[in-house]
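# Summary of the model geometry
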Amino acid sequence: MNTRSRQHAANAHACVHNKIEYEYASKYRALALSFPIMVLQSGLAQATGFLQAKSCDNNEYQLYLSDLAGILGKSSGENLHQAVIKSDLPDYQQLTRQALDASGWLKRYAQALLQEDAPAPTTTEGAQS
């Protein structure tokens, strides 16, 4: 039996796995790590609106919003945002729970599959031994 969470997990894995060789992979990872917190602090409507405002030319914001929308069964990030802002309170709460579940899976797989930016190397020139 496939539960909604298992479906979200499988879809999230496919989405994140496709970003391994992506030029913005580390930025996508950072966004995936912070998005669930953004939803909890600001609400789903503001969080998806933020992603939409920052989206351009297949950057990490647009890709993350598209991935989240796809996992939640929406055809695009715009459709997800419209569904969120037009929903009544019970539907908004349900969409928020589903988005938190889906973004949680995106976060887990981003932590596991995507590399974070390497820290800048430190130089020891002029250091005393």
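Quick notes on the rules
Residues numbered from 1 in each chain as written. Predicted model: local features only at pLDDT ≥ 70, side-chain atom pairs only at ≥ 80, totals over all residues. Heavy atoms only, no water. Phe/Tyr/Trp six-rings, centres within 6.5 Å; stacked < 30°, edge-to-face > 60°. Helix = DSSP H or I, 4+ residues; strand = E, 2+ residues; numbered from the N terminus. Lys NZ or Arg CZ within 6 Å of the ring centre and 35° of its normal. Contact = heavy atoms within 4.5 Å. Expected span 1.5 Å × (residues − 1). Buried < 20%, exposed > 50% of the residue type's maximum accessible area, 1.4 Å probe, protein only. Arc of directions from axis to C-beta.

### Quick notes on the packing of aromatic side chains
Evaluated as defined, the whole model comprises five aromatic pairs. Measuring from centroid to centroid gives 5.9 Å for Phe-50 and Tyr-61, while their planes differ by 85°, and the two rings are edge-to-face. Placement of Phe-50 in helix α3 (residues 44–54) and of Tyr-61 in helix α4 (residues 60–71) is noted, with a sequence separation of eleven residues between them. Sitting over the face of the ring of Trp-105, Arg-108 holds its NZ or CZ atom 4.6 Å from the ring centroid.

### Points about the side chain of Ser-87
Along the polypeptide, Ser-87 turns up in the loop between α5 (77–86) and α6 (89–113). The contact partners of Ser-87, leaving out residues within four places of it in the chain, are Tyr-92 and Leu-95.

### Focus: helix α1 (residues 4–17)
Taking 1.5 Å of rise per residue, the 14 residues of α1 would be expected to cover 20 Å, and the 20 Å separating its terminal C-alpha atoms lies within 8% of that figure. All of the buried residues in α1 are His-8, Ala-9, Ala-12, Cys-15 and Val-16. When α1 is viewed along its axis, its buried side chains cluster within an angular range of 130° and face the same direction. Residues of α1 that are buried make contact with α2 (25–42), α4 and α6.

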